[in-house]
Structure formats: structure tokens, C-alpha cells
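Observations on the three-dimensional arrangement
What follows is each chain in one-letter form.
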Amino acid sequence: AQTVTQSQPEMSVQEAETVTLSCTYDTSENNYYLFWYKQPPSRQMILVIRQEAYKQQNATENRFSVNFQKAAKSFSLKISDSQLGDTAMYFCAFMNYFGNEKLTFGTGTRLTIIP
Amino acid sequence: GAVVSQHPSRVICKSGTSVKIECRSLDFQATTMFWYRQFPKKSLMLMATSNEGSKATYEQGVEKDKFLINHASLTLSTLTVTSAHPEDSSFYICSARESGTGYSNQPQHFGDGTRLSIL
């Protein structure tokens, strides 16, 4: 079974600064996907960014980028030029490449952007 | 973009009542939908995988008779919490992915969730 660990329950950062959220995972699989999801207060969970394990290049989406270290089983999320709207719970998630597309979530990091 | 609608958004009811939660994919077909349970300040725990036209696949420790799942069409899955008790109070979230596409193209889309409170 896979496990996903987010060791930072809460973080806060000043607006416009850069923040990095940590995520580690454990799996015996070689092919899989990793995701970061954002859950704003009382709002829908949305996908922030995803990474295919077979790709060496780190995924980027505008201000969001990841540092994927496959050997270390680490998948951190960097948010640049943070904005007030980035305030949310962030969940790291794992999914096997083959299988029934079940997502395994970490416990989440509550990120607060301070004006 | 793909939209998943979940209804109701909030329900408060007495102990012993059965509660049905609907999950609809509004602009796409979903062969598979997922039901999660989220406790306050906790992660999402997968309860079951809902498969259109067949029985749901439940995760270990989830009572099949307690949480009835029906996926009768490609756009609708329902979760019924039978004889609900206060310990069933939680936030329930569904997700769906468009059928027939590779996962690299289409991620799971989540509903807004249903907050269930059993008195």
C-alpha cells in the first residue's frame, strides 16, 4: 500500500513571498502520478499541478512548480509570488499509473497568506 | 471545464434517518466515481469506488450495508448513509473522471462536498 506524508500541518507566509510545501511518499511502484490539490475554505477541491513519475522534468503551472525527487520519494510544491487567494488546505496525492485510479492523500498543509 | 455537482451541500437530520447524497457529472460521462470522507482538519479517506452498472468496490473497514452506493447512469452516483448515527457526521466528497480518456489528459474532478450532521 502507498502512503503519503505531509509533515507541515500549518504554514504561513507574507503575500508576494515564496513558500514550499513538503510531501514524501512511499511506494514499491515505478510508474505513478503525483498531484497537489488545493481546497479553499468551504470550497471545491481543485487540481493545482500533477507530475508523471516517468518524466524527469519538474512540472510547472504559472506560479506553481514542483521539485520531484523520485529516488528520495519527495514531491514538494513551490508557490512563487504568493497571493491572498492561495490561502487554502493543500493536499499531496499519489495514484498508481495502472489500476483503478484511486488517489491516496496526505494529511494536508494549511497555508495562510498574510496580507 | 468539467463540473461535478454534489447535492445536498449540507444536511442535518436525526439519528436513525437514512440520507442520500447525489454526485453528478454535469458536462461529461463518468464510468467511475469515487466517494471520500473527510474529518475536520484531516485528509480525505477513500470510502469506495463507484462503477457504472456494477457493484461498488469498498475500501477495507467501510461497511457496505451502512454506506450504499448506486451508480445507475454515466452521470450519477448516489451514496446513501443508512440509519445514520452521530459518528457518521462528516464531510463527504465525490469525484469523477471523464470516461474513455487517458489519465494524463483528464484528472479527477471533485464535487463541493456534503456536510452531514447527525443529531
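Cut-off values and rules
Residues numbered from 1 in each chain as written. Chains lettered and ligands numbered in written order. Predicted model: local features only at pLDDT ≥ 70, side-chain atom pairs only at ≥ 80, totals over all residues. Heavy atoms only, no water. Helix = DSSP H or I, 4+ residues; strand = E, 2+ residues; numbered from the N terminus. Rg over C-alpha atoms; globule rule 2.2 N^0.38 Å. Salt bridge = Lys/Arg side-chain N within 4 Å of Asp/Glu carboxyl O. Buried < 20%, exposed > 50% of the residue type's maximum accessible area, 1.4 Å probe, protein only. Pairing = 2+ DSSP bridges. Phe/Tyr/Trp six-rings, centres within 6.5 Å; stacked < 30°, edge-to-face > 60°. Axes fitted to C-alpha atoms, helices over the stretch in contact; angles between N-to-C directions.

A look at the overall build of chain A
- Scanning chain A from N- to C-terminus turns up 0 helices and 12 strands.
- Along its sequence from the N terminus, chain A presents helices and strands in the succession β-β-β-β-β-β-β-β-β-β-β-β.
- What you see for chain A is a C-alpha radius of gyration of 14 Å, in line with the 13 Å of a compact globule of 115 residues.
- Taking the principal axes of its C-alpha atoms as reference, chain A extends roughly 40 × 30 × 20 Å.

Description of the pattern of salt bridges
- Under the counting rule described, the total for this entry stands at 6 salt bridges over all chains.
- Across the pair Lys102(A) and Glu59(B) runs a salt bridge whose closest N-O atoms are separated by 3.1 Å. Here the residue Lys102(A) occupies a position in the loop between strand 10 (88–96) and strand 11 (104–105), and Glu59(B) occupies one in the loop between strand 6 (57–58) and strand 7 (67–73), the pair thus bridging two chains.
- In this structure, Asp88(B) engages Lys66(B) in a salt bridge whose closest nitrogen and oxygen atoms are separated by 2.7 Å. Of this pair, Asp88(B) sits in the loop between strand 8 (76–81) and strand 9 (90–96) while Lys66(B) sits in the loop between strand 6 and strand 7, and the two are 22 residues apart along the sequence.
- On the basis of relative accessible area, Asp88(B) is assigned to the buried category, the value being 6%.

Thoughts on the pairing of strand 6 (residues 46–52) of chain A
- Relative to strand 6 of chain A, strand 5 (residues 32–39) of chain A runs antiparallel, the two sharing 6 bridges. Looking at the pairing, Lys38(A) lines up with Ile46(A) of strand 6 of chain A.

Regarding the environment of Gly61(B)
- As for its position among the elements, Gly61(B) is in the loop between strand 6 and strand 7.
- Judged by its relative accessible area of 75%, Gly61(B) falls in the exposed class.

Comments concerning the packing of aromatic side chains
- Overall, the coordinates contain 14 aromatic pairs over all chains when judged by the stated rule.
- Both rings, one in Phe35(A) and one in Tyr37(A), keep their centres 5.9 Å apart while their planes meet at 35 degrees; by these two values the pair is tilted.
- Relative accessible area serves as the criterion here: at 0%, Phe35(A) is assigned to the buried category.
- Centre to centre, the rings of Phe91(A) and Phe105(A) are 6.2 Å apart; their planes meet at 90 degrees, and the pair counts as edge-to-face. Highlighted residues: Phe91(A) in strand 10 and Phe105(A) in strand 11, separated in sequence by 14 residues.
- Residue classification places Phe105(A) among the buried residues on the basis of a relative accessible area of 8%.
- Every member of this aromatic cluster is reached through a ring pair, and the members are Tyr33(A), Phe35(A), Tyr37(A), Phe91(A), Phe105(A), Tyr36(B) and Phe110(B).

Looking at the sheet that holds strand 3 (residues 19–25) of chain B
Residues and elements named next belong to chain B.
- Taken together, 4 strands build an open sheet; the order of strands is 1-3-8-7 and the sheet is antiparallel. Each end of this open sheet is capped by a strand with a single partner; those strands are strand 1 (4–7) and strand 7. For this sheet the average axis-to-axis angle between neighbouring strands, irrespective of direction, equals 15 degrees.
- In this sheet, strand 3 lies alongside strand 1 in antiparallel orientation, the contact comprising 4 bridges. Considered in strand 3, the bridge of His-7 is made with Glu-22.

Function cannot be read off these values alone, since they describe shape.
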